Amino acid sequence: MPIYDVSVPITPATPVYPGDPGIEIQQWSALARGDSANVSFLHFGAHTATHVDAPSHFIEGGNKISDLSLEVLIGPARVVEVPTAMMEVDVGFIDKLGIDSVTRLLFKTRNSAFWSESGEVFHRDFTYLSADAAEALVEKGVRLVGIDYLSIEKFKSGTHPTHLSLLSRGVVILEGLNLQHVPAGDYELICLPLLIAAGTGDGAPARTVLRTLE
């Protein structure tokens, strides 16, 4: 039963969304310095690499990352491949998918190829989900939506309508996936964000895998 690790590694060179904290990984103590153990000091934002957005990311008083149900984060999921030329996943594309029984939907786009590049370059021209398409997914009963870059929303959208359409209806957003080597099809999703129980609880990095069903 093949397992695909669709998580993006966290390194100082991993791109971050403009304005988010940079990634620092420092040696707090080290065996090489004569300390009794190796201990790393980690500094990065809650929306680093592969991560989950909780409603409180954009909604005051919304559910925090620690409130999210494992029943949504683990279960059957469908990977859908988006044509390379498509910059916006729109309602027309959603309507053709035949996803009436799908509750977890992951979009594999041209974005996944960005993760193979070296350097800390953030691509502002990433493929995104339109607000109308988000509304259509809510109407179809989708409970989790994932995409293969650091935001599901068009860069600098202003009022964040895609995020709000999903999060205000309790739909979990999974961002920063790497689906480059995952064929389109049905899988079991296992997504475990860090159980951060302090602060605004707006999100958390998540080790995420897809397990084939056969």
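Residues numbered from 1 in each chain as written. Predicted model: local features only at pLDDT ≥ 70, side-chain atom pairs only at ≥ 80, totals over all residues. Heavy atoms only, no water.

Caption draft 1: Representation of the environment of Phe-107 in the model. Secondary-structure assignment places Phe-107 in strand S7 (residues 104-108). Judged by relative accessible area, Phe-107 falls into the buried class, the value being 0%. Taking C-alpha positions, Phe-107 is 9.7 Å from Ile-152, a pair spaced 45 residues apart along the chain. (Helix = DSSP H or I, 4+ residues; strand = E, 2+ residues; numbered from the N terminus. Buried < 20%, exposed > 50% of the residue type's maximum accessible area, 1.4 Å probe, protein only.)

Caption draft 2: Molecular detail of the side chain of Asn-111. Within the secondary structure, Asn-111 sits in the loop between S7 and strand S8 (128-129). Each residue touching Asn-111, except ones within four places of it in the same chain, is listed here: Phe-126, Thr-127, Ile-147, Asp-148 and Tyr-149. (Contact = heavy atoms within 4.5 Å.)

Caption draft 3: Inspection of the pairing of strand S5 (residues 74-81) at higher detail. Bridging between S5 and strand S11 (residues 185-193) involves six bridges; their strand directions are antiparallel. In the sheet register, Pro-76 faces S11, and the bridge partner there is Glu-188. (Pairing = 2+ DSSP bridges.)

Caption draft 4: Geometry of the pattern of salt bridges. The final tally for this structure, using the stated rule, is seven salt bridges. Arg-110 is the partner of Asp-125 in a salt bridge, and the nearest nitrogen-oxygen pair spans 3.5 Å. Note that Asp-125 is positioned in the loop between S7 and S8 and Arg-110 in the loop between S7 and S8, a separation of 15 residues in sequence. Between Arg-211 and Glu-188 there is a salt bridge; the shortest N-O distance is 2.6 Å. You can see Arg-211 sitting in strand S12 (residues 203-212) and its partner Glu-188 sitting in strand S11, a full 23 residues away along the chain. With a relative accessible area of 28%, Arg-211 lands in the partly exposed category. (Salt bridge = Lys/Arg side-chain N within 4 Å of Asp/Glu carboxyl O.)

Caption draft 5: Representation of the environment of Ile-94 within the structure. Mapped onto the elements, Ile-94 comes out in helix H2 (residues 91-95). Ile-94 sits 49 residues away from Arg-143 along the chain, and the two C-alpha atoms are 15 Å apart. Excluding anything up to four places from it in sequence, Ile-94 contacts Val-89, Ile-99, Phe-107, Ala-133, Ala-136, Leu-137 and Lys-140.

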